[in-house]
Every structure is written in C-alpha cells, then in structure tokens.
Amino acid sequence: MEPITKFSGSMVALPINDIDTDQIIPARYLKVTDKNGLGAACFSDWRYNADGSPKADFPLNQPAYQGAQVLVGGHNFGCGSSREHAPWALLGAGFKAVVSTYFADIFRNNALKNGLLPVVVDAETHKQLVSLAQEDPTAQVTVDLESQKLILPDGRGVTFPVDAFSRYCLLNGVDQLGFVLGLDEQIASYEGQTPGRVNTLATA
Amino acid sequence: MGTTQHQPTTPRTLFEKVWDNHIVRPQTPDTPAVLYIDLHLVHEVTSPQAFSLLRERGLKVRRPERTMATMDHSTPTTPRNAAGIIPVTDSMAAAQLDVMRKNCADFGIPLYDLGTKNQGIVHVIGPEQGLTQPGMTIVCGDSHTSTHGAFGALAFGIGTSEVAHVLATQCLLQSKPNTMAVRVDGRLHPGVTAKDIILAVIAKIGVGGGTGYVFEYMGEAIRALSMEARMTICNMSIEGGARAGMVAPDDTTFEYVAGRPFAPKGDEWERRVAEWRVLPSDDGATFDNEVVLDANTLTPMITYGTNPGMGMAITARVPDPDQLGDVSQKMALTKALQYMDLQPGQPLLGKPVDVVFLGSCTNSRISDLREAARLIKGRKVAANVRMMVVPGSQQVKVQAEAEGLDKVFREAGAEWREAGCSMCIAMNGDQLQPGQYAVSTSNRNFEGRQGKGGRTFLASPLTAAATAINGVITDPREMVN
Ligand code: SF4
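Fair warning: this is a prediction, and the values are worked out from it, not measured in the lab. (Residues numbered from 1 in each chain as written. Chains lettered and ligands numbered in written order. Predicted model: local features only at pLDDT ≥ 70, side-chain atom pairs only at ≥ 80, totals over all residues. Heavy atoms only, no water.)

Observations regarding the sheet that holds strand β16 (residues 386–389) of chain B
Strand pairing in a sheet is mediated by backbone hydrogen bonds. Such pairs are either parallel or antiparallel. Residue and element names in this part refer to chain B. The following threshold applies: What makes two strands pair is DSSP finding at least two bridges between them. Secondary structure is summarised from DSSP: a helix means a run of H or I of at least four residues, a strand means a run of E of at least two, and numbering begins at the N terminus for each. Throughout, a contact is declared for two residues whenever any of their heavy atoms are within 4.5 Å. Interaxial angle, 0 to 180 degrees, is taken between N-to-C directions of lines fitted to C-alpha atoms, where a helix line uses only the stretch in contact.
In space, the five strands of this open sheet follow the order β17-β16-β15-β18-β19, with parallel pairing throughout. Looking at strand neighbours, the two that pair on one side only are β17 (415–416) and β19 (455–458), the edges of this open sheet. Docked against the sheet, helix α15 (residues 461–470) engages β15 (355–358), β16 and β18 (437–440), running at close to 145° with respect to β15.

Here is the structure:
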C-alpha cells in the first residue's frame, strides 16, 4: 500500500445520519470477485434515476463537486453490513477521507485497512464543514495524518483520533497482514497450548 | 479453550473470560491485541478478494480445519429442476459461486456447496452442525456473525481484508471493546417473541447506541428463551451498532449442542461442559454500560422507517418528525417517512402489504417455521399477498418437510423455497418491486435492501404470518390462542 501522510482536497456534503453500507454500495453490486470498478455504483440508488440517468440534485452529481476528495457524511456513518465493498466504492469514486461525528465499527476498520481515512470531528466543526461544503464547493481542507489534524480553510486545525497502529501502518505503507504474519512463533505457541475446538475436515 | 493462567481475583464478565482465553499477544499502547480465532466461516460474497490476496502473496490457509465455507447470499432459492439441481441463471452469481468452489478446492477448505445436504445461511449452519460452541471466538466476513454469541461465544463480523488475515494466520487484530449489559426482566406474553425483544432494544438505544460495545443479554426473559430465540436476539446486536452480543451458556445451550455432528463426544464432551460452566459472568463483574427492559410490558414490535432503530409497538402510530427536538433526527425521520410513503400519526395496523418474507439468519430456523405454520394452518394467505417461506438451511428444509410444515405453507398459498439469504438481501433475484411493501422477518429495512425502491417493515414470524393471512399488518395476538 502507498504511504499516506497529508493531502488537500475539496469537500462534498451528504449530511444524513446513519448512512448504511447498503446505500454506499447496494447488494446487487456485490457479485464481483475483485475490488475494482465499484466507484460508478457508489450511492447508486441515491445517485441515479430508474432509467440510469444521474439525478441532477444529488450532490455527487453536481459539476461543482466533481473531484471532491473529502466526503462529509452524517452521524454513525457506515452502519449495517460489513461489506468492505463500501470503502472500495468510496475510493473508486475518488474519496480519500470521510468526515463524520461518528463511524460504525466495522466500516471504520475496513476503511483504515484500505487507506480511506475516517475523520471524526465534533458536532460544531461538522456543522461548519457542512455549511462550507454547501456554500463553497471549491473550499479545501487538508487532512494531515502525521499530526492527526484536519485543517480548515480558515487555518484552524482540529485534532482527530486514529489508533496508533493504523496510523503507523498508513504513514509507512505497512500492511497489517505482514505484522500478524510476523508473529508466527507466538501463534504456534498458542496453538501448542490450546487444542483446536473443531475439526471441520473430519467427516461428521 | 485457551490455557488460562489468570487467577480470578477480580470478577470478570463472560466477554472478558472468552477474550482473555484467546490472547496470542496482548494489546500494547502501539498495537491492538492479537486474538486467536477458533472458527472461521466463509461465504462467497466477502471472500474472493481475500483469497486473491493470499494468492498474490503466496500464502496458504493456516488452519483449513478451523474454517468452513458455504454458499448463501447470491444463490437462487428457486425450486430444483428434474435432475434435482438448483439452476443458477444469473451469470455473475454463477461466476462468483465457481470462484468459491475453486478457492475452497485450492486452499483445502470444506464447502457446503449449493443444494447439498448441509448448505444454508452461514449463521444457520454453524449452530446446526455443532461448529458453534460456547467460549469460542468465531468470525465471518458478515456482520450477523453476532448470531453465534447466543452460545456464549465471542462472534463478530469482519471485513474482507480481515478475512485474509484470518485465513493466513488464524488471528485477528482487535482493540478491546467495552461491555454493555442488556437486561430483560420478566416474562413475555403470548404472541410476543424474541424478535420483539431485540426490536425493542434497538428502538430504545438507536442504531448507533451499541457502537464500541459487546452486549451481554441477561435476565429472566433471556434465560427462558430457547437457543433459537437467543440466536434471533444476538443476530441483531449489530443493528444496535454492537460488535457482538452474547448470552451466558447454560443447560439450554448444552442440550442444544449435544449430539450435533461437530460437537465434542464422550469424555471430551464432559471436559468441555465443565469448562463452559465457568464462562458466565462472575457475581460482581462490572459492565461499562447497562440497558434494562421489562418483558412484561412488551408488545409485538414493527419498524416504520429505514433503519432497524425506527421501530415501535405494533399498536402505536408512526411518529411525527416535528415532535423531535434534534434537527438531524428530524431530517432522518422525514426522509425515512418519505421513502416509506407514510404519514406522521398514521397507524400501521390495517395497512395492506404486497409481500411477506419469512426467512433470513434472524428467523429461518425450524422453530420460526413451526411458529408461523401453527398460526397459518387451516388458513389462506390473502389474495393481495405473495408469501415467501425460505428455510435457513437444507437441514431446516428437510426437517420442516418431515413435519409437514411445507404442506401447511403450500396449502395456504405460500411459496416454499430452497435455502439461502434470498429476499433478506435481494442479491439473487428474490426482490421487491419499486414501491412494494413487505413485512419481513429479516434484520434490515434499509432503503432498497429488499429490492430497489422496496419498503420493508421488520417484524416477528408471528406478525409476518398473521399479516400474510389478513393481507394487512396485523397484531398476531389476535390470532394466537
Ligand atoms: S440472511 Fe440476510 S443478514 Fe443473514 S447472512 Fe444472509 S444476507 Fe446477511
């Protein structure tokens, strides 16, 4: 994975609470067997009319918001299904970060493993970002993972939490699987002391 | 069970005991804990990219004997052809199923293939086969893995990257969650079920209320429930945002596990039960948070909105966004009612529906089918309703047929189908048409979940059955004796 340190980009706001992963990527697109090509289907049911034409009033479709890299979502973003297709779709649609006041557990995990940054901010900042994005589509924010700061156009920086391990992995382009693979001895020692609970290969 | 050097000086919760027993490497300020996974369940939708990663890196599956695969999400539930085969007509689904077969063959993982005797919804087959046991850690690339917590296992959903981690290492990086006691006192009245308990819990805490927590369900009402009813409750823990839900194992649990194909046998059984008996939370163990409900006051529940937290007593009226103080909540409810085409203050009782879906990992086990069949027996599904009955597994289907439940459903005019997720997720062609209303025993009423533009009311199998008969949303208490 490419290291991620800092980037600046414009925002698009979708300030709806409890956006579930079925909205981010509807189930009918999950019949794929790779991660690519999901960007066009991101928010599909909100984004397109029945005939497949884009809905003009949906923010992601508006010309001014093309190229936005930061999605400002509502509270409890990414709830529901554990599908990792959700961050894959958001990344495919060009986003590098999602800002919310709160993320659902599995979504946050999945996002961090794919280099999509879940940025948690307080309600006041969130409100400010939503208005900014709606009033000025060109307004840019900077996400600085190194200092864990989101820098607003007025220069104000707000700190956001990221667990130390994910931050380390993202900054250094280290993948988490490599870390666990490195623990082979400890895993083997655990297995040595702990008999297996089931043997799925035994014919019952 | 993990060897525990832990001397129980401080009282521990069920969750803490299971957690402690599976630590390969403890949490440090810089790294999450590394947990050993006893059982990894795999299905066709969330695993292909994980196997691809293993191939790219030249990795093997570390413990194929602690891994079990099934096909459920994109599989058709249409009847078998003359050759006894379930035809897959969707080419993308067919390709996905082929990839699953190839991955299982290449990596040595056992697979319950489409239509074979043990195939079914991943969260139905684990318990059914005796793979799910108390005190285990269980993961699957599926959020409803929380179902298996009914046995006192720590079971939760993971993403596809994590599926790859577990395949390659049998371990998972996890930060330690907090614990929430969900206590349900009292006794349920007739016509009120486990599904109503969990819909009431989620309505109370909201869909984000449990984020960061593992729930432990406890109290008189939980103790009185069968294993299958406990599974219904644990299944929907994720709909309250919780990572997992657990119920302390007891004699009900042991009786259910005993004798199943993968359950321990003979002396090993005795040893295991002795270990399981010490798992329940110690007296004086503390939880980070608590919710309390009184089963005596519960009625059948139904959802009116577009997330499982938007639920109410079936006799209540749709809430009014204008009565909500919080602006974003007001917006969310307004948007939901618009999608559902419902008016504030409107009752749901008496509202016509188009489809009734009895199925999903929440409510497709034999007890769910029996309950619904008892109500339906000798009655007819209303002419305006399409009722689909989708057993959770081939085993459930066979059992139901042996008991003549299929006949009850068929004679009433319902469809009796093959096992799978079906209209719970609408990936396989079983779906609502735009604008249609369904009463569904599944777990998610998100926009479009059961088909683009479809509208879902979540409810219990009893409410679903009563509604199918009357053709309009019905309080099942009128129809059960
Ligand atoms: S039945 Fe529904 S919720 Fe359960 S595993 Fe299948 S799709 Fe997921």
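Section: the pairing of strand β6 (residues 137–140) of chain B
Residue and element names in this part refer to chain B. Cut-off, in case you're wondering: Here's how the labels work: a residue is buried when its accessible area is under 20% of the maximum for its type, exposed when over 50%, partly exposed in between, all with a 1.4 Å probe on protein chains only.
Side chains Thr 137 and Val 139 of β6 all project onto a buried face; the interleaved residues Ile 138 and Cys 140 project onto the opposite face, where all are buried too. As defined by bridge partners, strand β3 (residues 39–43) adjoins β6 across three bridges and the pair is classed as parallel. Paired with Leu 39 across the two strands is Ile 138, which belongs to β6. Alignment of β6 against strand β7 (residues 154–157), held across four bridges, turns out to be parallel. Within β7, the residue paired with Ile 138 across the bridge is Ala 155.

Description of the pattern of salt bridges
Residue and element names in this part refer to chain B. Spelled out, the test is: A pairing counts as a salt bridge when a side-chain nitrogen of Lys or Arg comes within 4 Å of a carboxyl oxygen of Asp or Glu.
The final tally for this structure, using the stated rule, is 38 salt bridges over all chains. Close ionic contact of Arg 63 with Glu 65 constitutes a salt bridge, the shortest N to O distance being 2.7 Å. Take Arg 63: its relative accessible area is 22%, and that puts it in the partly exposed class. Across the salt bridge formed by Glu 275 and Arg 272, the nearest N and O atoms sit 3.1 Å from each other. Separated by three residues within a single helix, Glu 275 and Arg 272 lie in helix α10 (residues 266–277), roughly one turn from each other. Taking relative accessible area as the criterion, Glu 275 reaches 26% and is therefore assigned partly exposed.

Remarks on the domain arrangement of chain A
The criterion, for reference: Domains are outlined according to an automatic or database domain assignment.
When cut into domains, chain A gives domain 1 (6–173) and domain 2 (175–204). Between the C-alpha centres of domain 1 of chain A and domain 2 of chain A the distance comes to 35 Å.

Some details on the interface of chain B and chain A
We apply this condition: Buried area: the accessible area, evaluated with a 1.4 Å probe, that two parts lose upon being put together, summed over both parts. As used in this structure description, the phrase polar contact means that two N or O atoms lie within 3.5 Å; if the pair is within protein, one of them must be able to donate a hydrogen and the other to accept it, and residues adjacent in sequence are counted only when both atoms belong to side chains.
Facing the 81 residues of chain B at the interface are 64 residues of chain A. Summed over both partners, the interface of chain B with chain A comes to about 6,000 Å²; 57% of that surface belongs to carbon and sulfur atoms. For the pair chain B and chain A, the number of links is eight salt bridges. With a closest N to O distance of 3.4 Å, B:Glu162 and A:Lys113 form a salt bridge. In this structure, the connection of chain B to chain A is made through 28 residue pairs in polar contact (both at pLDDT 80 or more).

Here we look at the environment of B:Pro79
Residue and element names in this part refer to chain B. Relative to the helices and strands, Pro 79 resides in the loop between β4 (67–70) and α3 (91–107). Linking Pro 79 and Ser 393, residues 314 residues apart in sequence, is a C-alpha distance of 14 Å. In this view, Pro 79 contacts Pro 87 and Glu 418; residues no more than four positions away in its chain are not counted.

Quick look at the site of the ligand
Selection rule: Nearness is judged by heavy atoms alone; a residue qualifies as near a molecule or strand once a single heavy atom is within 4 Å of it. Note on residue categories: nonpolar means Ala, Val, Leu, Ile, Met, Phe, Trp, Tyr, Cys or Pro, charged means Asp, Glu, Lys or Arg, and polar means any other residue, Gly included.
The immediate surroundings of the ligand are formed by B:His73, B:Ile121, B:His123, B:Asp142, B:His144, B:Ser360, B:Cys361, B:Cys421, B:Cys424, B:Ile425, B:Asn443 and B:Arg449. Residues belonging to the shell around the ligand are distributed by class as follows: five nonpolar, five polar and two charged.

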